[in-house]
Amino acid sequence: MTHYAALMLAAGIGIPVLAALNAALGQHIASPTAAGVVLFAVAFLGSTVVMLLFPGPAALMHLGGAPKHLFVAGLLIAFYVLTITHVAPHFGVGNAVFFVLLGQLISAAAIDHFGLFGAQVSPLTWVRAGGIAVMALGVGITQLA
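## Focus: the nonpolar core
Alright, step 1. Core analysis: the largest hydrophobic core is formed by 9 residues, namely A19, A23, L39, Y80, V81, I84, A88, A96 and V97.
Alright, step 2. Listing elements by their share of this core, those giving two or more residues are α1 (2–28), α3 (72–91) and α4 (93–114).
Alright, step 3. In terms of residue count, α3 provides more of this core than any other element does, 4 residues in total.
Alright, step 4. Residues contacting I84, with those up to four places away along its chain left out, are A19, P89, A96, V97 and V100.

Structure, rendered in structure tokens:
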């Protein structure tokens, strides 16, 4: 299980770096939207290489049977990338990512509590809600500095 935590820690470290790099690219080329397209092109190529290295291309044959609502994830990542690329240069990478974190706390708690999208159910107890509130408070305190 610790390898999962390490992977997610690395992914979490990457989010502000992604935001800063793509925001800088958007500023450099004077188009946050074009920067988003470039990011997705690079991500597509990288994902394709990983898929070809590990068993996975055959899984694409099952794509047609997947529930259509699952494809909303692509729209959500596009929304995230485009908004952070546009907002970060004006609002600050830290501010933008901190509000993203607050949104993640709220949505993660709801997804876990209700077992949405096939997620493992983890009820929102008073202790979990308190922990989330402390995390949210911590995010808020960082905004006051």
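Next comes the rest of the write-up.
## Section: the pattern of salt bridges
Alright, step 1. Under the counting rule described, the total for this entry stands at 1 salt bridge.
Alright, step 2. Measuring nitrogen to oxygen at the nearest pair gives 3.5 Å for the salt bridge that ties D112 to R128. With a gap of 16 residues between them, D112 in helix α4 and R128 in helix α5 (residues 126–144) connect regions that are remote in the sequence.

## Some words on the packing of α4 against α5
Alright, step 1. The contact between α4 and α5 brings their axes to 9 Å, and the two run at 170°. The angle between the axes of α4 and α5 places the two elements in the roughly antiparallel class. Across the interface between the two elements, G94, N95, F98, F99, L101, L102, L105, A109 and D112 of α4 pack against R128, I132, M135, A136, V139, T142 and Q143 of α5.
Alright, step 2. When the residues that make up the contact of α4 with α5 are grouped by side-chain class, the tally is 10 nonpolar, 4 polar and 2 charged.

## Quick word on the packing of α1 against α3
Alright, step 1. Contact geometry of α1 with α3 gives a least axis separation of 8 Å together with a crossing angle of 70°. When the axis of α1 is compared with that of α3, the two are roughly perpendicular. Considering how the two elements wind past one another, α1 and α3 form a crossing that is right-handed. Touching I15, L18, A19, N22, A23, G26 and Q27 of α1 are Y80, V81, I84, T85, A88 and P89, all from α3.
Alright, step 2. A breakdown of the residues in the contact of α1 with α3 according to their chemical character gives 9 nonpolar, 4 polar and no charged.

## Regarding a nonpolar patch on the surface
Alright, step 1. On the surface, M1, Y4, L7 and M8 cluster together to form a nonpolar patch covering roughly 540 Å² of accessible area.
Alright, step 2. Following the sequence through the fold, M1 ends up in the segment before α1.
Alright, step 3. Exposure remark for M1: the relative accessible area of 75% places this residue in the exposed category.

## Some details on unusual backbone geometry
Excluding glycine, a negative phi dihedral is what most residues carry, and trans is how most peptide bonds are arranged.
Alright, step 1. Of note in this structure, A30 is not a glycine but carries a positive phi near 60°.
Alright, step 2. One can find A30 in the loop between α1 and α2 (32–53).
Alright, step 3. Classification of A30 by relative accessible area gives exposed; the value is 68%.
Alright, step 4. Positive phi values are uncommon outside glycine, yet F117 reaches one of about 60°.
Alright, step 5. Relative to the helices and strands, F117 resides in the loop between α4 and α5.

Cut-offs and rules
Residues numbered from 1 in each chain as written. Predicted model: local features only at pLDDT ≥ 70, side-chain atom pairs only at ≥ 80, totals over all residues. Heavy atoms only, no water. Core = buried A, V, L, I, M, F, W, Y, C linked by side-chain atoms within 4.5 Å. Buried < 20%, exposed > 50% of the residue type's maximum accessible area, 1.4 Å probe, protein only. Helix = DSSP H or I, 4+ residues; strand = E, 2+ residues; numbered from the N terminus. Contact = heavy atoms within 4.5 Å. Salt bridge = Lys/Arg side-chain N within 4 Å of Asp/Glu carboxyl O. Axes fitted to C-alpha atoms, helices over the stretch in contact; angles between N-to-C directions. Parallel < 35°, antiparallel > 145°, perpendicular 65-115°, else oblique. Nonpolar A, V, L, I, M, F, W, Y, C, P; charged D, E, K, R; others polar. Left-handed = near helix turned anticlockwise from the far one by under 90°. Patch = residues over 30% accessible without salt bridge, like charges linked within 9 Å, V, L, I, M, F, W, Y side chains within 5 Å. Areas by Shrake-Rupley, 256 points an atom, 1.4 Å probe, with all protein chains shown as cover.

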